[in-house]
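Chain by chain, the residues:
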Amino acid sequence: MPTILAIESSCDDTSAAIVADGVVLSNVTAGQVVHEEFGGVVPEHASRAHQRNIVPTVAVALKRADRKPEDIDAVAFTRGPGLIGSLMVGVSFAKAFALARNLPLIEVDHMQAHVLAHFAEDPKPKFPFLCLTVSGGHTQLVVVKTALEQEIIGRTIDDAAGEAFDKSGKMLGLPYPAGPEIDKLARQGSPTIKFARPDPGELNFSFSGLKTSILYTLQKRIKAEPDFVKDNLADICASIQHTIVFILLRKLEMAAEQTGLTEIALAGGVSANSGLREGLAELGAAKGWSTYIPRIEYCTDNAAMIGVTGSFKYEAGEFVGQEVAPAARL
Ligand code: KG4
Ligand code: ZN
C-alpha cells in the first residue's frame with residue numbers, strides 16, 4: 001500500500017495530508033480569516049490565499065508525518081466540486097508535484113471524500129451504510145454500497161444545510177461562518193420560536209423557505225419589540241438550530257426506513273453541530289441504529305479524507321493523467 005500526499009483546496013481551507021497504507025499520518029489545514037469581514041467566502045481572495053498557503057501547508061504535513069517528498073508514491077487531489085479558482089491552485093500543485101517526481105495522480109470528488117472521512121479512524125461503518133452529508137454547499141443522503149460505489153437518494157433543491165445556518169446567522173449579525181456561532185449560542189437558549197419546516201417531498205430537502213420564515217418572523221417581532229434580537233439571541237439560535245436539525249433527521253429517518261439500512265453515518269462540516277450530533281445519537285438509540293460521526297477535524301474540509309479516498313482509488317487502480325482539469329460542478 002502506498003504513501004499518498006493529499007491536497008484539498010475546494011473552498012476556503014488549504015489542507016494537505018499524508019496517508020500511508022490507509023492510515024492518516026498528518027492532516028494540516030490553513031484556514032482563511034480574510035473572508036470574515038465580507039460575511040462570506042470571496043472567491044478571488046480564496047484563490048490568492050491558497051496560493052500563499054499551499055507550499056507551507058504541504059511542507060508542514062510532510063514534516064509532521066516524518067516523511068520526505070521522495071517517500072511519496074502518489075498524489076491525490078480534490079478535482080471538484082468547489083470554487084474554480086480555489087480548485088485550480090490545489091490541482092496545479094498536485095500536477096506539478098506528480099510531474100516533478102513522476103508519480104501517479106488520483107482525482108477525488110470532494111463529496112465522495114466527505115463520506116469516506118469515516119475511514120480515517122475507528123470505528124468504521126460497515127458496508128452498505130447510509131450517510132447524511134451536510135456541508136456549506138451540499139446536503140445529500142447517500143447509500144454507500146462500497147467505498148467507490150455511492151448512490152445519492154436525496155438532496156437539497158435549493159440551499160444547503162450549512163448555508164441555512166450561515167445565512168440566518170448573517171440576518172442576526174453573526175460573523176461568517178455563522179454555523180459554529182449559532183451552535184455555541186443555541187446551548188444557552190431554548191427553541192421557543194416556531195419557524196416553517198419546508199418539505200419538497202420524497203427524500204429531498206429545502207431550506208430557502210426556512211430562511212424567509214426566519215426573516216419575516218424576526219421583522220414582525222422587531223416591529224413590536226425593537227431589541228427583540230439582542231434580548232433573545234440565544235433562544236433565536238436554539239430555534240433555528242432545532243428547526244434545521246428536525247428537517248435533517250426527519251429525512252434521515254425516512255431514508256433509513258426506505259432502504260432498511262441501520263448503519264447510519266453523518267459527514268460534512270455541519271456534522272460538527274452539537275444539536276445534530278445529539279439528535280442523531282438519540283434517534284439512533286431509539287431506532288437501534290449503529291451511528292457514526294467523524295471527529296470534527298475530519299467533518300470540516302480536510303485533506304485526510306482526500307487521502308483516504310485516494311487510498312481506495314489507488315487500490316482500485318483509478319489514476320488520471322496530466323491533462324486532468326478542475327471541475328467546479330463535478
Ligand atoms: O464541509 P465544510 O467544512 O465546507 C464545505 O464543503 O462546505 O462545511 C462548512 C459549513 C459552513 O456552512 C459552516 O457554517 C458549517 O459547515 N458548520 C456548522 C458548524 N461547524 C461548521 N454548522 C452548524 N454548527 C456547527 N458547529
Ligand atoms: Zn466540504
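If you're wondering where the values come from, they're calculated on a predicted model, not measured in any experiment.

Trainee: Which residues make up the sheet that holds strand 3 (residues 23–30), and what values do they have?
Mentor: Strand order in the open sheet formed by five strands is 3-2-1-4-5, with mixed pairing between adjacent strands. Both outer strands of the open sheet, strand 3 and strand 5 (105–109), are each paired with one neighbouring strand and no more. For this sheet, the mean inter-axis angle between neighbouring strands, taken without regard to orientation, is 20°. With respect to the sheet, helix 2 (residues 84–101) is in contact with strand 1 (3–8), strand 4 (74–80) and strand 5, its orientation differing from that of strand 4 by roughly 160°. Strands in contact with helix 11 (residues 304–315) are strand 1, strand 2 (14–20), strand 3, strand 4 and strand 5; relative to strand 1, the strand with the most contacts, it is inclined by about 130°.

Trainee: Lay out the site of ligand 1 in plain terms, naming residues and giving numbers.
Mentor: As a matter of local geometry, ligand 1 sits amid 18 residues, with Gly136, Asp166, Asp183, Gly269 and Asn273 nearest to it. One nitrogen or oxygen atom from the main chain of glycine 179 is found 3.3 Å from an oxygen atom belonging to ligand 1. One of the side-chain nitrogen or oxygen atoms of aspartate 183 is found 2.9 Å away from a nitrogen atom of ligand 1. When ligand 1 is considered free in solution it has 550 Å² of accessible area, and contact with the protein chains removes 88% of it. Broken down by class, the residue content of the shell around ligand 1 amounts to five nonpolar, 10 polar and three charged. A domain-level breakdown of the shell around ligand 1 finds at least three residues from each of domain 1 (3–116 + 300–315) and domain 2 (123–294).

Trainee: Help me get a handle on the packing of aromatic side chains, residues and values and all.
Mentor: Within the structure shown, the criterion is met by seven aromatic pairs. Relative to phenylalanine 312, the ring of phenylalanine 119 has its centre 5.5 Å away and its plane inclined at 90°; by these criteria the two rings are edge-to-face. Placement of phenylalanine 119 in the loop between helix 3 (110–116) and strand 6 (129–134) and of phenylalanine 312 in helix 11 is noted, with a sequence separation of 193 residues between them. Judged by its relative accessible area of 9%, phenylalanine 119 is buried. In this structure phenylalanine 312 comes out as partly exposed when scored by relative accessible area, which is 23%. Each member of the aromatic cluster is reached from another via a ring pair, and the members are Phe119, Phe127, Phe129 and Phe312. Of note, arginine 197 hangs over the ring of phenylalanine 246, and the distance from its end group to the ring centre comes to 3.8 Å.

Procedures and definitions
Residues numbered from 1 in each chain as written. Chains lettered and ligands numbered in written order. Predicted model: local features only at pLDDT ≥ 70, side-chain atom pairs only at ≥ 80, totals over all residues. Heavy atoms only, no water. Pairing = 2+ DSSP bridges. Helix = DSSP H or I, 4+ residues; strand = E, 2+ residues; numbered from the N terminus. Axes fitted to C-alpha atoms, helices over the stretch in contact; angles between N-to-C directions. Contact = heavy atoms within 4.5 Å. Near = heavy atom within 4 Å. Polar contact = N/O pair within 3.5 Å; in protein donor to acceptor, adjacent residues only side chain to side chain. Areas by Shrake-Rupley, 256 points an atom, 1.4 Å probe, with all protein chains shown as cover. Nonpolar A, V, L, I, M, F, W, Y, C, P; charged D, E, K, R; others polar. Domains from an automatic or database assignment. Phe/Tyr/Trp six-rings, centres within 6.5 Å; stacked < 30°, edge-to-face > 60°. Buried < 20%, exposed > 50% of the residue type's maximum accessible area, 1.4 Å probe, protein only. Lys NZ or Arg CZ within 6 Å of the ring centre and 35° of its normal.

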